[in-house]
Amino acid sequence: MKLVLDEKADAGVLRLCAYEQFIERHPEAVGELRILDRRDNVDVACVHSTDLYPGFTMAVTELISPEAARRATLALLSMPPTERGARWTIPTNYKSVDALLEAIRVGPSEKLRATMLNELIDDYLTWMLVIALLILGLLFHGWRAEVLARRQGERIRELMEQKMAQASRLASMQRAASLTQISSIFAHELRQPLTSASLYAEGLARQIRRGSADPDRMAKIADRIADETQRASEIVERVRAYAKGRRLERSVLSAADVMQSAVRLWRGQSMRDFPLWVLVPKSAAHISANAFELELVFVNLLKNAAEAAQAAWAADKSSGKPQPVNLTKAPEVLVGSGPLVAFTAEVIGSSVVFMVADSGKPLSDEELVRIEAGSSQPQAGSSQKSNGLGLGLAIVRSIVEACFGAITFGRTGLNPRLTGLAVRVALPLVSTSQSGRAQTDNSIPVPHEPAAESAQSLPKDPKDPSK
């Protein structure tokens, strides 16, 4: 206080009530001193600038008996308060003292003041290293995961590009393989209208040269030439549309007419003398498809069946194996030996099921599974033929499935000579009036002997397929 009054100090710190005691002794200093941040408390008569904490504390050691400690406590509590309200009491809360000691780092908290970075490192070095390693591991893992994800993405993109390129090549090979079949069909289809038109033109020219031409008759011949030319133009346009990949329109077709057309085209491909047994439904059965595409399907299946039957017969003949003889009641073509192909159709439920079977070598279950897989996921060069691409059945499946049909591969018990592959093509039946399964005795067997090939082998009138 004296230092502040002598202007040797700017401020001083006093204990509680020391200011009032000094003023009592030196009243002249009232105007010369000022309390900073003055606080008033109704319970304490002395002014103060800080929070209040317990003052003098009376404590006993273990050497003092409990009775002496009790008497001392009672004596202190019975003392009257001072003029300024100070009195003895029992302390109940020292949290403020603990907080103060921790804040100023004295007493029990004095060690905290001396805590330095090196002490923290010494005490927690292991945990710090573990945490640092975890952080580094997480950072490395994130970087590694990003690199792997980028590589995986690039790999997937490369695989997708390879898959697309492979699909494009496969589509091109399928198109090339189908064009081979289309060329044969195109040549056979186009031969008839061109031959007819040529014959009509020759007859017309002969009549003109003779000078016996009748105008009405010449007009009829010219109309027939125009009709045949128009038919040839339609055939060319149909083949061009299919070759360019344009979708062909479907129409309602008779199952018997489809079989007749397919057999006619197949016979035109150097197969006129091959034994064929045809079994058409007795009742009218109609399907919704494109005639040109179905012709491609069945010509392909008939061609494969004939090749398999011919190869098996040649192998048995060269090995001297006895040929089977069927003594059951059946058409003549089913009795005896030699290669044989059967082309049948029957109504089963709501579907028309066509079947092409041959007398080729018996196939095991593994071979049937391989054929099924090859038709679903063809691979270039997977054909067992020396000149095949392995794409014929894939083309057949794609056309059948486009008509909402299904194709299966198995065996048949229709005749003991039909020991080879049996391919079944099921197409939805359009007319529901003729439902139910057509049994063998309700179907018309039409044998096609090499020496008995004739126009009566299959129905000629599309309006009456039961002939």
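Residues numbered from 1 in each chain as written. Predicted model: local features only at pLDDT ≥ 70, side-chain atom pairs only at ≥ 80, totals over all residues. Heavy atoms only, no water.

### Brief notes about the overall build of the chain
To keep it simple, the criterion reads: Labels follow the DSSP assignment, with helices taken as runs of H or I lasting at least four residues and strands as runs of E lasting at least two, numbered in each case from the N terminus. Buried residues are those whose accessible area, probed at 1.4 Å on protein chains only, stays under 20% of the maximum for their type, while exposed residues exceed 50% and partly exposed ones sit between those limits. Contacts: residue pairs with any heavy atoms within 4.5 Å of one another. Each accessible area is a Shrake-Rupley result for a 1.4 Å probe, and residues are judged covered by the shown protein chains and nothing else.
When you go through the chain residue by residue, the secondary structure sums to eleven helices and ten strands. Per-residue burial over the chain gives 31% buried out of 467 residues. Relative to all contacts within the chain whose residues are 6 or more apart in sequence, the contacts with residues 24 or more apart total 69%. When the accessible surface of the chain is split by element, carbon and sulfur atoms take 57% of a total near 30,200 Å².

### Here we look at helix H2 (residues 18-25)
For H2, the complete set of buried residues consists of Ala18, Tyr19, Glu20, Phe22 and Ile23. Against the buried residues of H2 lie helix H1 (2-5) and strand E2 (44-48).

### Overview of the state of the cysteines
What counts, and what does not: Two cysteine sulfur atoms make up a disulfide if the distance between them is within 2.5 Å.
Summed over all chains, the structure comprises one disulfide. Disulfide pairing places Cys17 opposite Cys46 at an S-S distance of 1.8 Å. As the torsion about the S-S bond is roughly 100°, the Cys17-Cys46 disulfide counts as right-handed. A residue pair is termed long-range when its members are at least 10 positions apart, and Cys17 in the loop between H1 and H2 and Cys46 in strand E2 qualify at 29 residues. Here Cys17 matches Cys46 in class, with each residue buried.

### As for the environment of Ile371
Here Ile371 lies in helix H10 (residues 365-376). Leaving out residues up to four positions away in the same chain, Ile371 has contacts with Leu363, Leu393, Phe409 and Leu421.

### As for the packing of aromatic side chains
Rule in force here: Each Phe, Tyr or Trp ring, with Trp reduced to its six-membered ring, pairs with another whose centre is within 6.5 Å; inter-plane angles below 30 degrees give stacked pairs, above 60 give edge-to-face pairs, and intermediate values give tilted ones.
Here the structure, examined in full by the defined rule, presents four aromatic pairs. A centroid spacing of 5.8 Å and a plane angle of 40° characterise the contact between Phe140 and Trp143, whose relative ring orientation is tilted. One end of the pair is Phe140 and the other is Trp143, both in helix H6 (residues 117-210) and three residues apart, which spans about a single turn. Classification of Phe140 as exposed rests on a relative accessible area of 53%. What makes Trp143 partly exposed here is its relative accessible area of 49%. Here a set of aromatic residues connected by ring pairs shows up, and it is made of Phe298, Phe343 and Phe354.

### Quick word on unusual backbone geometry
Positive phi is not limited to glycine here, since Glu7 has a value of about 60°. On the basis of relative accessible area, Glu7 is assigned to the exposed category, the value being 72%. With a phi close to 75°, Cys17 is a non-glycine residue in the positive phi region.

### A word on the confidence of the model for the chain
Filter applied, for reference: Per-residue confidence from the prediction method is given by pLDDT, with values spanning 0 to 100.
Residues with a pLDDT of 70 or more make up 74% of the chain, whose mean pLDDT is 76. In this model, residues 378-383 is a region of pLDDT below 50 whose contacts with residues beyond four sequence positions or in other chains number 16 contacts. Low pLDDT, under 50, characterises residues 432-467; the predicted model gives this stretch 79 contacts beyond four residues in sequence or across chains.

### Brief notes about the nonpolar core
Selection rule: Joining through side-chain atoms within 4.5 Å is the link that ties buried Ala, Val, Leu, Ile, Met, Phe, Trp, Tyr and Cys residues into a set, and such a set is a nonpolar core.
Judged by nonpolar contacts, the single largest core of 44 residues is most densely connected at Phe298, Phe343 and Phe354. When residues of this core are assigned to their parent elements, the largest contribution, nine residues, is made by helix H9 (residues 291-319). Ranked by size, the runner-up nonpolar core spans eight residues in total, among them Leu279, Ala342, Met355 and Ala422.

### Quick notes on the pattern of salt bridges
For clarity, the cut-off: One speaks of a salt bridge when a side-chain nitrogen belonging to Lys or Arg is within 4 Å of a carboxyl oxygen belonging to Asp or Glu.
Applying the stated criterion across every chain, the model contains eleven salt bridges. Residue Asp51 is joined to Arg39 by a salt bridge in which the shortest nitrogen-to-oxygen separation is 2.6 Å. In this pair, Asp51 is assigned in the loop between E2 and helix H3 (66-77) and Arg39 in strand E1 (residues 39-41), connecting sequence segments twelve residues apart. Exposure remark for Asp51: the relative accessible area of 48% places this residue in the partly exposed category. A salt bridge links Glu367 to Lys361; its shortest N-O distance comes to 3.9 Å. For Glu367, a relative accessible area of 19% corresponds to the buried category. Put simply, Asp37, Arg39 and Asp51 are held in one network by salt bridges that share partners.

### Digging into the side chain of Ser359
For clarity, the threshold we go by: Any pair of nitrogen or oxygen atoms within 3.5 Å is treated as a polar contact; in protein, a donor-acceptor pairing is required on top of that, and neighbouring residues in sequence qualify only through side-chain atoms on both sides.
Following the sequence through the fold, Ser359 ends up in the loop between strand E7 (351-358) and H10. For Ser359, the side chain forms a polar contact with the main-chain nitrogen of Leu340, separated by 2.9 Å. Setting aside chain neighbours within four positions, we find Ser359 in contact with Ala309, Ala312, Gly338, Pro339, Leu340, Arg417, Leu418, Thr419 and Gly420.

### A look at the pairing of strand E6 (residues 341-348)
For clarity, the cut-off: Pairing between two strands requires that DSSP report at least two bridges joining them.
With six of eight residues buried, E6 lies mostly within the body of the structure. In this sheet, E6 lies alongside strand E4 (residues 276-281) in parallel orientation, the contact comprising four bridges. Within E6, the position partnered with Val278 by the bridge is Phe343. Alignment of E6 against E7, held across eight bridges, turns out to be antiparallel. Looking at the pairing, Ile348 lines up with Ser351 of E7. Here E6 hands over to E7 after two residues, with Gly349 in that stretch at a positive phi of 65°.

### Focus on a negative patch on the surface
The cut-off we apply is this: Patch building starts from residues that exceed 30% relative accessible area and form no salt bridge, then joins like charges within 9 Å and nonpolar side chains (Val, Leu, Ile, Met, Phe, Trp, Tyr) within 5 Å. Under this rule, positive means Lys or Arg and negative means Asp or Glu; His and the chain ends count for nothing. Think of each charge as sitting on NZ of Lys, CZ of Arg, CG of Asp or CD of Glu.
A grouping of Asp6, Glu7, Glu28 and Glu32 is seen on the molecular surface, where their side chains present a negatively charged patch. Looking at the secondary structure, you find Glu32 in the loop between H2 and E1. Residue class for Glu32 comes out exposed when judged on its relative accessible area of 57%.

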